[in-house]
Amino acid sequence: MAEHFDVRLADMTKQTAAGLHCFSAAVAMYLARELTKSSLNEIGDAFGGRDHGTVLHACKLVKRRMKEQDNIRQTISFIDSSLQR
C-alpha cells in the first residue's frame, strides 16, 4: 500500500505532525479496520502508538472522501482488491 502512494512505510507509522495528517496513513488505518478484526487500539498501536480516536478520525475522513471523490473511491477499491488476492 505504501508503494501505491509513493510513501515509505516508516513515514506512515512515525508519530509526527506530518505523519498524523498523511492521507496514505489514514487509508491504511481505514483498510486495517475494514479488513481485519483488530480493535481501534490495536490498529493505533501498529501505526506508531496512535490512540483509538486518531484511528476513528482517519476512518471517517477516508469514508467522507470516498463519498465526495470518485478517484479516491476507485483507488481504495483497487488497493482493497489487491490486498485480498
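You'll find the structure just up there.
Residues numbered from 1 in each chain as written. Predicted model: local features only at pLDDT ≥ 70, side-chain atom pairs only at ≥ 80, totals over all residues. Heavy atoms only, no water.

Quick rundown of the packing of helix 5 (residues 52-68) against helix 6 (residues 70-83)? Include the residues and the values.
Taken N-terminus to C-terminus, the directions of helix 5 and helix 6 make an angle of 120°; their axes are 5 Å apart at the nearest point. Relative to helix 6, the element helix 5 is oriented oblique. Crossing of helix 5 against helix 6: the hand is left-handed. For the pair helix 5 and helix 6, contact is made by V62, R65, M66, K67 and E68 and by D70, I72, R73 and I76, respectively. (Axes fitted to C-alpha atoms, helices over the stretch in contact; angles between N-to-C directions. Helix = DSSP H or I, 4+ residues; strand = E, 2+ residues; numbered from the N terminus. Parallel < 35°, antiparallel > 145°, perpendicular 65-115°, else oblique. Left-handed = near helix turned anticlockwise from the far one by under 90°. Contact = heavy atoms within 4.5 Å.)

Which residues make up helix 6, and what are the values?
Taking 1.5 Å of rise per residue, the 14 residues of helix 6 would be expected to cover 20 Å, and the 20 Å separating its terminal C-alpha atoms lies within 8% of that figure. Among the residues making up helix 6, those that are buried are I72, I76 and I79. Each buried residue of helix 6 lies within a common arc of 60° when the element is viewed along its axis, so the set occupies one face. Contacts from the buried residues of helix 6 go to helix 3 (23-35) and helix 5. (Expected span 1.5 Å × (residues − 1). Buried < 20%, exposed > 50% of the residue type's maximum accessible area, 1.4 Å probe, protein only. Arc of directions from axis to C-beta.)

Now, about the nonpolar core: what can you tell me, with residues and values included?
Within the largest apolar cluster, 21 residues are counted, with the highest numbers of intra-cluster contacts made by F23, M29, Y30, V62 and I76. Looking at this core, the elements that each hand over two or more residues are helix 3, helix 4 (40-46), helix 5 and helix 6. Considering each element in turn, this core owes the most residues, nine residues, to helix 3. Apart from the residues within four sequence positions on either side, M29 is in contact with I43, F47, R50, V55, A58 and C59. (Core = buried A, V, L, I, M, F, W, Y, C linked by side-chain atoms within 4.5 Å.)

Give me the packing of aromatic side chains: which residues, what numbers.
Within this structure, the stated rule accounts for zero aromatic pairs. Over the ring of F23 we find R65; its NZ or CZ atom is 4.5 Å from the centre of that ring. (Phe/Tyr/Trp six-rings, centres within 6.5 Å; stacked < 30°, edge-to-face > 60°. Lys NZ or Arg CZ within 6 Å of the ring centre and 35° of its normal.)

If you had to explain the pattern of salt bridges to someone new, which residues and values would you point to?
This model, assessed by the stated rule, comprises one salt bridge. The shortest N-O distance in the salt bridge between R73 and D70 comes to 2.4 Å. Of the two residues, R73 and D70 are both situated in helix 6; the distance of three residues between them amounts to about one turn of the helix. Here D70 falls in the partly exposed class, since its relative accessible area comes to 47%. (Salt bridge = Lys/Arg side-chain N within 4 Å of Asp/Glu carboxyl O.)

An account of the environment of Q84 is requested, with residue identities and associated values reported.
Note that Q84 resides in the segment after helix 6. For Q84, a relative accessible area of 55% translates into the label exposed. Measuring from C-alpha to C-alpha, the distance between Q84 and L35 comes to 8.6 Å, with 49 residues separating the pair along the chain. Of note is the side chain of Q84, whose polar atom sits 2.5 Å from the side chain of D80. (Polar contact = N/O pair within 3.5 Å; in protein donor to acceptor, adjacent residues only side chain to side chain.)

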